[in-house]
Amino acid sequence: MEKSMNSTTLARTKSEQLVIETQAAATPTSKSPTMQNEDAPITSENMGTLSRKSSQRMVVGASPGRSSGGNKNNTHIRKPRSAQVKMDVEELSNGAALSRASSASLGLSFSFTGFTVPPDEITDSKPFSDDDIPEDIEAGTCKPKFQTEPTLPIYLKFSDVTYKVITKGMTTSEERDILNGITGAVSPGEVLALMGPSGSGKTTLLNLLGGRLIQSTVRSSVTYNDQPYSKFLKSKIGFVTQDDVLFPHLTVKETLTYTARLRLSKALSRQQKEKRAIDVIYELGLERCQDTMIGGSFVRGVSGGERKRVCIGNEIIINPSLLFLDEPTSGLDSTTALRTVQTLQNIAEAGKTVITTIHQPSSRLFRKFDKLILLGKGSSLYFGRASEAMAYFSSIGCSPLIAMNPAEFLLDLANGNINDISVPSELEDKVQVGNSETETRHEKPPPAVVHEYLVEAYESRVAENEKKKLMTPLPLDDEIKLKVFSSKREWGASWWQQYCILFCRGIKERRHDYFSWLRITQVLSTAIILGLLWWQSDSKSTRGRQDQAGLLFFIAVFWGFFPVFTAIFTFPQERAMLSKERAADMYRLSAYFLARTTSDLPLDLILPVLFLLVVYFMAGLRLSAGPFFLSMLTVFLCIIAAQGLGLAIGATLMDLKRATTLASVTVMTFMLAGGYFVKKVPVFISWIRYMSFNYHTYKLLLKVQYQDITPPVNGIKTDDGLWEVGALVAMIFGYRVLAYLSLRGMQLHRGA
């Protein structure tokens, strides 16, 4: 009993101390950094002190987070589970919105990582600086803070954003409105949520604001610090797509390390970039899975929440000023989704501007957002503080009749579903005036009428005031405006460094596929079957040479067919990754293309060596070092030429079904014209055989095996074969140039 009373007294004393400190922080003698937007221009010296306004209810104790100790020894004070200290900031500060910088001075700032304090522990509150981070006794060493350098503040404004899509039919074309005059703004330190039902235009608006959508049908005014979009902003914008586009066979650490080496400034050394990647891993709470592969459809890897945090880490590693996220909580459970949004909140604390689309958040998630744009059928139904959305819709006569999640209430309104929502008098009058039976059956207006009413209410009550606010110029320093307006594109690495990094990444990613037991078994089993069928064949007799000619032709066909259908999948499968990384200016297209095509060569040439070692000696081909290595070189030339054809077809069509069909017809034609099935080809179609790598490979193999032997096999002259070598080399470079030009002409994203 005595122990219980002591615990209660201690908790009460602790609560009173926090109330006093909070009231003191709520009434500062000098202006907080947040208020600088209204009175004084923001300069590059004070831009790192931007903080985030918040009027939310804070829970200290059992909630996730880490706070410093209240005494000098930083010891943990044991508390029962129910001993939670709650503070209502609005009550303590008499309605004034405290910034998160003020709460951080109370020791209430939460870590990037979502580090969880055990529910039976509450740490004392004590202000601490970045250089004085206490050590968590039970969890081990503290995780370092990621945000160490100032962030360039970017204020995003957009007014009357309109976007249309032209759908072409058989005879006519139809123009469809996707966005209809969307207006809004978001400042550093804020999280703006774009919410609405499926098909309302959330992703389109996000892509347009992120500079990833450029069309002639876009009419809008989007400014960044009152400046238009420029290529410089690519290095200041992080964009997390809805789909987790990651390499499945790379580990978490490798993924973030390669991103750091490609995207971070040239001024940083390789060790500094790798350290930044490690810091991000710890800040996002990924240290337990840093050596685990990402995984995919057929590869077991990290969980969905960890994959999403890796995607976020890929973007925040560059310290972006703007962070865009497309439905970061899709496919996650409520707890993981809450942690993800908490991460976004912590990112915004560092002075970053965060814009995210959200589909159907929980009530706890909804409270994490600062601003909200509610979209319905491409029109704006609400823009303002997320905490004031319910009050706004109540003011226009729409309020829930039952206890309801605010997000569900807003989505019902956006869909026109008002079954559990009060009907405004204006809508009731429309229902009574209407004579349609469908309108009077349930005494509820149809969704189209509800949508029209909500749009009219927003235009008359909110839109004009918001547009007037956007007309006010920002009190920003000219230096910051000029930085945003700069048209210079910044690369994180030189061309050679980009090539080396992409080459190493390509080998690490694809080595698992190339050395899979399925592929090795396929090649070796084929080699053994061929060796058994042509076991110690006779090369001295004419009939024996004819049999060996069939084997050589099959080798030419097999190593022409196999690489084509492997290389076809290269660019179509990596199109999403290429679009994502090129949109962020991670590397030059030429560096990627050369690294992608050359990183396959060491892997592609290992299996042919094993194949020839089995077939060559089992079949009893010419046992001499010269013919053996020349035969291997000939097969290598055939493989590289066939790869070029596959790369060209895949890059040109970018569709696996069409590419596979075209490759099948092409390879079959080259095989038939290869000089084995038809000896005398008609003149009008004989030109095909000169385009066939099978034909040139077959001739070279015959010349290597039967040089200076008469009569010639299949009428092929046994010369030095330089013409065939030249033809294969021309194909190697020609097909790859065609593939590169096809990629260059493919519209990936703005500025790609």
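For clarity, every value in this text was computed on a predicted model and none was experimentally measured. (Residues numbered from 1 in each chain as written. Predicted model: local features only at pLDDT ≥ 70, side-chain atom pairs only at ≥ 80, totals over all residues. Heavy atoms only, no water.)

1. Concerning the overall build of the protein
1) Next: Counting its secondary structure elements, the protein contains 28 helices and 15 strands.
2) Next: Here the protein holds 752 residues, and the buried ones make up 52% of them.
3) Next: Sequence separation of 24 or more characterises 77% of the internal contacts of the protein that already satisfy a separation of 6 or more.
4) Next: Just so you have it, the protein exposes about 35200 Å², and 56% of that area is on carbon and sulfur atoms. (Helix = DSSP H or I, 4+ residues; strand = E, 2+ residues; numbered from the N terminus. Buried < 20%, exposed > 50% of the residue type's maximum accessible area, 1.4 Å probe, protein only. Contact = heavy atoms within 4.5 Å. Areas by Shrake-Rupley, 256 points an atom, 1.4 Å probe, with all protein chains shown as cover.)

2. Some thoughts on the packing of aromatic side chains
1) Next: For the structure on display, the rule yields 29 aromatic pairs.
2) Next: Both rings, one in Trp 559 and one in Phe 562, keep their centres 5.8 Å apart while their planes meet at 85 degrees; by these two values the pair is edge-to-face. A residue pair is termed a helical-turn pair when its members lie 3 or 4 positions apart in one helix, as Trp 559 and Phe 562 do in helix H19 (residues 542–567) at three residues.
3) Next: Exposure remark for Phe 562: the relative accessible area of 14% places this residue in the buried category. (Phe/Tyr/Trp six-rings, centres within 6.5 Å; stacked < 30°, edge-to-face > 60°.)

3. A look at H19
An α-helical turn contains 3.6 residues, so any two residues separated by three or four positions project in the same direction.
1) Next: For H19, spanning 26 residues, the distance from its first C-alpha to its last is 38 Å, which sits close to the expected 38 Å at 1.5 Å a residue.
2) Next: In terms of burial, H19 is a largely internal element, 19 of the 26 residues being buried. (Expected span 1.5 Å × (residues − 1).)

4. Concerning a nonpolar patch on the surface
1) Next: On the surface, Phe 515, Ile 606, Leu 610, Leu 613, Phe 617 and Leu 623 cluster together into a nonpolar patch covering about 540 Å² of accessible area.
2) Next: Within the fold, Leu 613 resides in helix H24 (residues 606–618). (Patch = residues over 30% accessible without salt bridge, like charges linked within 9 Å, V, L, I, M, F, W, Y side chains within 5 Å. Salt bridge = Lys/Arg side-chain N within 4 Å of Asp/Glu carboxyl O.)

5. Description of the UniProt feature "transmembrane region" (unreviewed entry) in the protein
1) Next: Using the residue numbers shown here, the UniProt feature "transmembrane region" (unreviewed entry) corresponds to residues 517–537, 549–572, 593–619, 625–647, 659–678 and 721–743.
2) Next: Counted over residues 593–619, helix gives 89% and strand 0%. Its end C-alpha atoms are 39 Å apart.
3) Next: For residues 659–678, helix accounts for 70% and strand for 0%, while the C-alpha atoms at its two ends are 27 Å apart. (UniProt positions renumbered as here; feature names shortened; annotations may be inferred.)

6. Digging into the pattern of salt bridges
1) Next: In this structure the tally under the stated criterion is 23 salt bridges.
2) Next: The partner of Glu 175 in a salt bridge is Lys 164, and the shortest N-O contact between them spans 3.7 Å. Of the two residues, Glu 175 sits in strand S8 (residues 173–186) while Lys 164 sits in strand S7 (residues 156–168), which places them 11 residues apart along the sequence.
3) Next: The class of Lys 164 is buried, set by a relative accessible area of 18%.

7. Here's the deal with the confidence of the model for the protein
1) Next: Residue-level pLDDT values for the protein average 77, and 75% of them are 70 or greater.
2) Next: Of the regions scoring below 50 in pLDDT, residues 1–144 engages in 219 contacts with residues more than four places distant in sequence or in other chains.
3) Next: Here residues 437–441 is modelled with pLDDT under 50, and outside its nearest four sequence neighbours on either side it reaches six contacts, counting other chains as well. (pLDDT = per-residue confidence, 0-100.)

8. Overview of the nonpolar core
1) Next: With 97 residues, the main nonpolar core has Leu 156 and Phe 393 as its most contacted residues.
2) Next: The element that contributes the greatest number of residues to this core is helix H15 (residues 447–471), accounting for nine residues.
3) Next: What Phe 393 contacts, discounting residues up to four positions off in sequence, is Leu 374, Leu 381, Tyr 382, Cys 398, Phe 409, Leu 410, Leu 413 and Leu 454.
4) Next: With 31 residues, the next largest nonpolar core counts Ala 549, Leu 551, Phe 628 and Met 632 among its residues. (Core = buried A, V, L, I, M, F, W, Y, C linked by side-chain atoms within 4.5 Å.)

9. A few points about the side chain of Thr 251
1) Next: Tracing the chain through its elements places Thr 251 in the loop between strand S11 (237–240) and helix H6 (252–263).
2) Next: Here Thr 251 is in contact with Gln 290, Asp 291, Thr 292, Met 293 and Ile 294, once residues within four sequence places are set aside.

10. Some remarks on the environment of Thr 526
1) Next: Summarising the element assignment, Thr 526 is placed in helix H18 (residues 517–533).
2) Next: Thr 526 sits 88 residues away from Val 614 along the chain, and the two C-alpha atoms are 9.8 Å apart.
3) Next: Contact partners of Thr 526, with chain neighbours within four places excluded, come to Phe 554, Phe 558 and Phe 611.

11. Let's talk about unusual backbone geometry
1) Next: Even without a glycine there, the phi angle at Asn 225 is positive, about 55 degrees.
2) Next: The residue Asn 225 is located in the loop between strand S10 (218–224) and S11 in this model.
3) Next: Looking at Asn 225, the relative accessible area reads 0%, which means it is buried.
4) Next: Located in the positive-phi region is Asp 226, a residue other than glycine, with phi close to 65 degrees.

12. Considering the environment of Leu 621
1) Next: Mapped onto the elements, Leu 621 comes out in the loop between H24 and helix H25 (625–653).
2) Next: A residue is classified by how much of its surface remains accessible, and Leu 621, at 4% relative accessible area, is buried.
3) Next: Taking the C-alpha atoms as reference, Leu 621 lies 7.3 Å from Ser 539; in sequence the two are 82 residues apart.
4) Next: Here Leu 621 is in contact with Gln 548, Leu 551, Leu 552, Tyr 616 and Gln 705, once residues within four sequence places are set aside.

13. Let's talk about the pairing of strand S14 (residues 371–376)
1) Next: Within S14, six of the six residues are buried, which leaves the element mostly enclosed by the surrounding structure.
2) Next: Residue alternation in S14 divides its side chains into two sets, Lys 371, Ile 373 and Leu 375 and Leu 372, Leu 374 and Gly 376, and both sets are buried.
3) Next: In terms of strand pairing, strand S9 (residues 191–195) meets S14 through four bridges, oriented parallel. Bridge pairing links Leu 194 to Ile 373 in S14. (Pairing = 2+ DSSP bridges.)

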